[in-house]
Amino acid sequence: MTRRFTLAAPLFAAALLSAGRPVIAPDGHRWWSHVQYLADDKLEGRNTGSVGHRKAAAYVAGEFERAGLKPAGTEGYIQPVRFHTRRLQEDESSLTLVRNGESEELVLGEDAIISTRIDPAPSVDADVVFAGYALTVPEMQYDDLAGLDLRGKIVLYISGGPANIPGPLRSHYQSAAERGRFLERAGVIGTIGVPNPDHMDLPWQRIALSSRQPSMSLADPALDQQHGLKFSAVVNPAQAEKWFAGSGHSFDDLVKLADAGKPLPRFPLHASIRAKIAVERGEVVSQNVAGILPGTDPLLKDQYVVLSAHLDHLGIGEPINGDRIYNGAMDNASGVATLIDIAQSLNESKPKLRRSLLFVVVTGEEKGLLGSRYFVAHPTVKPGSMVADLNVDMFLPLFPLHSVTVYGLNESDLGDEVRTVARARGIRIQDDQEPERNIFIRSDQYSFIRSGIPALAMKVGYEKGSPEEKIAKTWLKERYHAPSDDAKQPVDLECAGRFDDLVRALAEAVADHTERPRWNSNSFFKRFAQ
Ligand SMILES: [Zn+2]
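Just so it is clear, the structure is predicted and the values come from calculations on it, not from any experiment. (Residues numbered from 1 in each chain as written. Predicted model: local features only at pLDDT ≥ 70, side-chain atom pairs only at ≥ 80, totals over all residues. Heavy atoms only, no water.)

1. Some remarks on empty space enclosed by the protein
Alright, step 1. As enumerated under the stated definition, the model contains three cavities of 30 Å³ or more in all.
Alright, step 2. Taken as a whole, the largest cavity spans an internal volume of roughly 180 Å³.
Alright, step 3. What lines the largest cavity is a set of 18 residues, and nearest its centre among them are Y407, R437, K459, V460 and Y462.
Alright, step 4. For the lining of the largest cavity, the elements supplying multiple residues, two or more each, are β22 (403-407), β24 (455-460) and α12 (467-479).
Alright, step 5. Among the elements that line the lining of the largest cavity, the one with the most residues is α12, at three residues.
Alright, step 6. Broken down by class, the residue content of the lining of the largest cavity amounts to ten nonpolar, three polar and five charged. (1 Å grid on protein atoms, 1.4 Å probe; cavity = no way out; pocket = protein on both sides within 12 Å on 5 of 7 lines; lining within 4 Å. Points joined across faces, edges and corners; volume = space filled by probe spheres on them. Helix = DSSP H or I, 4+ residues; strand = E, 2+ residues; numbered from the N terminus. Nonpolar A, V, L, I, M, F, W, Y, C, P; charged D, E, K, R; others polar.)

Next comes the structure, spelled out in C-alpha cells:
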C-alpha cells in the first residue's frame with residue numbers, strides 16, 4: 001500500500017452551513033495528533049487495567065478538560081471499573097479428543113484454543129454434540145437446540161445462522177449473553193465454536209496468539225455472564241475435519257450449507273473431550289472516562305446524547321515481525337480521537353445545543369464490551385436520561401470519504417438524522433453490507449441498545465467489489481489486532497476530518513431535535529426500551 005497522508009494544506013476548508021452557522025470542517029490534523037499520542041509505544045497498547053491504559057485515560061480526561069467538558073465520572077472524569085482476570089497456563093493445560101476409545105491429544109494453538117472468556121472448571125470430560133449454529137431465535141421459531149439431549153454435554157457449532165433470519169436478530173442471538181441463556185436452559189456445560197472460514201476478520205494465527213492474553217469479566221457479580229458454562233474452546237477451521245470423522249458429515253459440506261444460508265443438520269459426534277485447564281487469576285481496575293457538554297434548553301438539558309468510543313486495546317502480546325506492542329491506532333485510538341476532536345471543535349464554535357452531550361470513553365471493549373456494559377448499569381447521569389448513543393470504533397479512514405456505513409440505520413429515527421446531515425455534506429449513507437460479520441453487536445453501541453437506548457455505529461463506507469473494499473479487507477488481514485495497527489500506517493487525514501465533521505453534526509442535530517430519538521415500530525431492538 002502506498003502512503004496516503006494528506007500533507008498539503010487542507011483541501012476541504014470549505015465553509016459548510018450547519019444550523020445556520022458556518023462551520024469549518026476539521027482537516028484531520030488535530031484528530032491525527034490524538035491518534036499519535038494514544039497509539040504511541042509509550043502507552044504500551046492500552047490494555048484494560050494496564051499502566052498504559054491509565055496514562056491514556058489521564059490524557060483523555062485532560063483533553064476533555066481543555067475542551068471545556070464538565071467532569072462526569074465518579075472521580076473527576078474517571079469512572080473506575082473492577083475486573084477479574086484469567087490467563088490460561090498453556091503448559092499445564094491440555095485438550096484431548098476421544099473417539100471409539102482412541103484418544104488424540106490436540107495441539108493448543110494449532111488445533112484449537114481453550115478460551116477463558118468464561119471462567120473454566122479445572123477439568124472437563126463430556127460428550128460432544130454438533131448443534132448446527134447452536135442458535136435459538138424465538139421470534140422465528142428457530143431452535144438448533146430443540147429435540148437434542150444436551151444435558152451435561154458440550155455443543156460444537158459453526159458461527160453464523162440461516163439467511164432467512166434478519167441480520168440484527170442473527171447477530172443478537174449469537175451474543176454470549178443470549179446464546180448463554182438458551183444453552184443454560186438446555187443443560188449444556190460447554191461450547192466449542194468453529195468460525196466459518198469464509199467470514200473470518202482475523203486469520204487463525206492471530207486468534208491463537210490472542211488466546212495467550214488474559215480474559216476479563218466484570219467483578220460486579222450482577223453483571224456476570226457465566227451461564228453455568230464450565231468450558232469454552234474455539235477450533236481452527238483448517239483442522240476442524242477431524243471432529244466430524246465417522247459422523248457421516250464433513251466440515252467442508254457443512255460450511256457450504258452455511259455459506260448458502262441454509263439451516264444445518266444436527267447430530268451426535270460419538271466423541272467426547274477431556275480437558276485439563278490451568279488458569280492464573282487476578283484482579284485489575286481500569287478506567288471509563290466521561291465528560292459533559294451541558295445543553296441549554298431548560299426542559300431538554302437533562303437528557304443526554306452519548307458519544308462513545310473504546311480506549312482499550314490489546315496491550316503487549318505475542319510478537320509479530322519482532323513487534324510486541326499492539327498499538328491499536330485504528331482500533332480504537334481513532335474513535336477516541338474523533339470524540340476529542342468533536343469536543344474541541346464544539347468548544348471553538350460554541351453552539352447552544354438544547355440537549356447535553358455526554359462523551360463516554362470506555363475500557364474493556366476488547367474483553368467483551370465490558371466497560372460500556374458497566375457504564376449503562378452504573379451510569380453517572382440520571383438513569384433513563386441517555387436518549388441516544390453514537391459509537392465510533394475503528395472507522396477506518398483509509399481512502400477518500402464518499403459514503404458511510406451505518407449500523408442500526410433502519411432500527412430507529414437516528415437513521416433519518418444521519419441521512420439528513422450526510423446529504424448536506426454530499427456523503428452517501430448505506431446500511432450494513434455484511435451482516436454476517438455481526439458488527440452491530442461487536443462494539444459498545446450494543447451495551448446501550450440492550451438497555452433500550454437507540455444507537456448507531458458508523459464506519460467509512462465502500463462498495464462491494466470496489467478497490468476501496470480491497471483496501472479495507474487487506475487492512476483487516478494484515479493489521480487488525482496486529483502490532484502493525486500503529487501510527488506508522490497510511491491513513492487519509494481529509495477523510496478522517498470529514499468523518500469527524502459528520503459525527504459532530506449528527507450529535508448536534510440529535511441534541512437539538514424536539515422529539516427524543518425513538519426505535520422504529522418494526523425494530524427488533526425496540527423491546528429493550530423501558
Ligand atoms: Zn478490537
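2. Some thoughts on the sheet that holds strand β6 (residues 102-105)
Alright, step 1. Pairing within the open sheet is mixed, and its eight strands lie in the order β6-β5-β15-β8-β11-β12-β14-β7. Edge positions in the sheet fall to β6 and β7 (112-114), since each of these pairs with one other strand and no more. On average, each strand axis in the sheet is inclined to that of its neighbour by 25°, with strand direction left out of account.
Alright, step 2. For strand β12 (residues 190-194) and strand β14 (residues 231-235), the ladder comprises four bridges, and the chain directions are parallel. Across the sheet, residue G190 finds its bridge partner in β14, namely F231. (Pairing = 2+ DSSP bridges. Axes fitted to C-alpha atoms, helices over the stretch in contact; angles between N-to-C directions.)

3. Some thoughts on the side chain of H310
Alright, step 1. By the element assignment, H310 lies in strand β17 (residues 304-310).
Alright, step 2. Within the structure, H310 has its side chain in polar contact with the side chain of D393 (distance 3.1 Å).
Alright, step 3. The contacts of H310, once residues within four sequence positions are left out, are D331, N332, V336, V362, E365, E366, D393 and D444. (Polar contact = N/O pair within 3.5 Å; in protein donor to acceptor, adjacent residues only side chain to side chain. Contact = heavy atoms within 4.5 Å.)

4. Structural notes on the coordination of the zinc ion
Alright, step 1. In the first shell of the zinc ion, the protein supplies D331 (OD), E366 (OE), E366 (OE) and H481 (NE2), at 2.0 to 2.4 Å from the metal.
Alright, step 2. Around the zinc ion, the four donor atoms are arranged such that angles at the metal cover 57 to 143°; this shape is classified as irregular.
Alright, step 3. We note that the donor set of the zinc ion lies within a single chain, spaced as D-x34-E-x114-H. Placement of E366 in the loop between β20 (356-362) and α9 (370-377) and of H481 in the loop between α12 and α13 (493-512) is noted, with a sequence separation of 115 residues between them. For the pair E366 and H481, a shared accessibility class is recorded, and that class is buried. (Donors = N, O, S within 2.8 Å, 3.2 Å for Na, K, Ca; no water. Tetrahedral: all angles 85-135°; square planar, octahedral: opposite > 155°, others 65-115°. Buried < 20%, exposed > 50% of the residue type's maximum accessible area, 1.4 Å probe, protein only.)

5. Remarks on helix α1 (residues 29-38)
Alright, step 1. Every buried residue of α1 is accounted for by W31, W32, H34, V35 and L38. For α1, the arc enclosing every buried residue in end-on projection is 160°, short of the 170-degree limit, so these residues lie on one face.
Alright, step 2. Lining the buried residues of α1 we find α2 (51-66), α8 (329-349) and α13. (Arc of directions from axis to C-beta.)

6. A look at the packing of aromatic side chains
Alright, step 1. On inspection of all chains with the given rule, the structure shows 15 aromatic pairs.
Alright, step 2. Residues F130 and F267 carry aromatic rings whose centres are separated by 5.0 Å and whose planes lie at 35° to one another, so their mutual orientation is tilted. With F130 in strand β8 (residues 123-130) and F267 in strand β15 (residues 267-276), this residue pair connects regions lying 137 residues apart in the sequence. For the residue pair F130 and F267, the accessibility class agrees, reading buried in each case.
Alright, step 3. Ring geometry for Y173 against F182: centres 6.1 Å apart, planes inclined by 50°, an arrangement best described as tilted.
Alright, step 4. Classification of F182 by relative accessible area gives buried; the value is 8%.
Alright, step 5. Within the aromatic cluster, the residues linked to one another by ring pairs are Y173, F182, W519, F524 and F525.
Alright, step 6. Stacked on the ring of Y157, the Lys or Arg R179 has its end atom at 4.1 Å from the ring centre. (Phe/Tyr/Trp six-rings, centres within 6.5 Å; stacked < 30°, edge-to-face > 60°. Lys NZ or Arg CZ within 6 Å of the ring centre and 35° of its normal.)

7. Side note on the nonpolar core
Alright, step 1. By size, the foremost hydrophobic cluster in this structure holds 80 residues, and its most contacted members are W31, M330, L357 and F359.
Alright, step 2. When residues in this core are grouped by element, the largest group, eleven residues, is from α13.
Alright, step 3. Leaving out residues up to four positions away in the same chain, L357 has contacts with G291, I292, L293, V305, L307, L346, A507 and A511.
Alright, step 4. Membership of the second largest hydrophobic core comes to 69 residues, among which are V235, F244, L269 and V279. (Core = buried A, V, L, I, M, F, W, Y, C linked by side-chain atoms within 4.5 Å.)

8. What to know about unusual backbone geometry
Alright, step 1. Here the residue pair D331 and N332 is connected by a cis peptide bond, since its omega of -5° sits within 30 degrees of zero.
Alright, step 2. Of note, N332 is situated in helix α8.
Alright, step 3. Non-glycine residue M394 carries a positive phi angle of around 50°.
Alright, step 4. The topology assignment puts M394 in the loop between β21 (386-391) and β22.
Alright, step 5. Positive phi, normally seen in glycine, also occurs at L396, with a value near 55°.
Alright, step 6. By the element assignment, L396 lies in the loop between β21 and β22.
Alright, step 7. With relative accessibility at 11%, the residue L396 sits in the buried group.

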